[in-house]
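Architecture and fold: a report
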Amino acid sequence: MVIHGDSDTKVPSLPPSGVDDSVPHSARVYDWWLGGKDNFAVDRAMGQALIQAIPTLKTMAAENRAFVHRVARYLVAEAGVRQFLDIGTGIPTQPNLHEVAQELAPEARVVYVDNDPIVLAHARALMVSTEQGRSEYIHADLRAPETILRDARLVDTLDLSQPVALTLIAVLMLLRDQDDPIGKVRALMDALPSGSYLAITHPTQDFNPVQMQAAVAAATQGNMTLVPRTRAEVEEFFAGWELVEPGVVPVLAWRPDGAAPADPEAAYYWSGLARKP
């Protein structure tokens, strides 16, 4: 879920082919929260309804994105990872994950995955390769992990015999329990070799249950899925892998740049990173 463009840019008047502009999409709602242009009236209405429930959502979205940059720098500079599989990419931003990674390691490779046709329309911005590295985009859904793993673009870009960082940033909230989110994530985890990593951020009701309950109600009324999960539920996604310090913590508290946040629970997300033994 990412930032793109600026608030002064006109929003598109007509949706690209395949886009249903009668139903809000999380990528476009995030885009609006962060000042982007790739959203429609239904997305802005949903974004505003959620802000009425949680007034600081725009700041939270920015902090969630900042985690992406911090975790990418850690994975490249400290963990030595050179391959990324980013599912739930969202609308392209600056810097993109591959730009953060390739600034530190030009040979880094990134495969992005999203199911929003607007992200597909922007995919060219994601498929920028360096002389040594490479980026690729797959239009697919987390609910069908086998489709992602079999895609020729993934096979051609990533070497699954070498460590891969799987990043699931603010996307698991879109899967209901009946969608078997743990099973979907486990299918991806099982396909990765020892030394791979899993990074997650996930909204939670733990810090402010009243506001989060109001946000869920607003999402439900607008036909958008929003499933917050507790810390224990988020920890289940990492089961069997070794959590990197500081473990599953508020997104503001995960290896912050500079001083520790005064109120780490000000952004209602859990975050974590774990390594496959």
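A brief look at the structure comes next. In this text, all values refer to a predicted model and were calculated from it rather than measured experimentally.

So, how was this worked out
Residues numbered from 1 in each chain as written. Predicted model: local features only at pLDDT ≥ 70, side-chain atom pairs only at ≥ 80, totals over all residues. Heavy atoms only, no water. Phe/Tyr/Trp six-rings, centres within 6.5 Å; stacked < 30°, edge-to-face > 60°. Helix = DSSP H or I, 4+ residues; strand = E, 2+ residues; numbered from the N terminus. Buried < 20%, exposed > 50% of the residue type's maximum accessible area, 1.4 Å probe, protein only. Lys NZ or Arg CZ within 6 Å of the ring centre and 35° of its normal. Right-handed = clockwise from strand over helix to strand, strands pointing away. Pairing = 2+ DSSP bridges.

With that out of the way, let us pick up the packing of aromatic side chains. Under the counting rule described, the total for this entry stands at 4 aromatic pairs. Judged by centre distance (6.0 Å) and plane angle (90°), the rings of Y74 and W254 are edge-to-face. Of the two residues, Y74 sits in helix α3 (residues 57-77) while W254 sits in the loop between β7 (249-250) and β8 (269-275), which places them 180 residues apart along the sequence. Across the pair, W254 and Y74 agree in class, each one buried. In this structure, K58 packs its charged tip against the face of W32, placed 4.8 Å from the ring centre. In this structure, R255 is placed above the aromatic ring of W254, and the distance from its NZ or CZ to the ring centre is 5.6 Å.

A few words now on unusual backbone geometry. Most peptide bonds take the trans form, and the phi angle of most residues other than glycine is negative. Note that the residue after E245, namely P246, is joined by a cis bond; omega there is 15°. Looking at the element boundaries, P246 is found in the loop between β6 (242-243) and β7. The backbone of A170 shows a phi angle near 50°, a positive value even though the residue is not glycine. Secondary-structure assignment places A170 in the loop between β4 (165-169) and α9 (181-190).

Of all the 6 residues making up strand β2 (residues 109-114), 5 are buried; the element is thus mostly covered by neighbouring parts of the structure. Between the parallel elements strand β1 (residues 83-87) and β2, the chain passes through helix α4 (residues 97-104) in a crossover that is right-handed. Direction of pairing for β2 relative to strand β3 (residues 134-139): parallel, over a ladder of 6 bridges. Paired with V110 across the two strands is S135, which belongs to β3.

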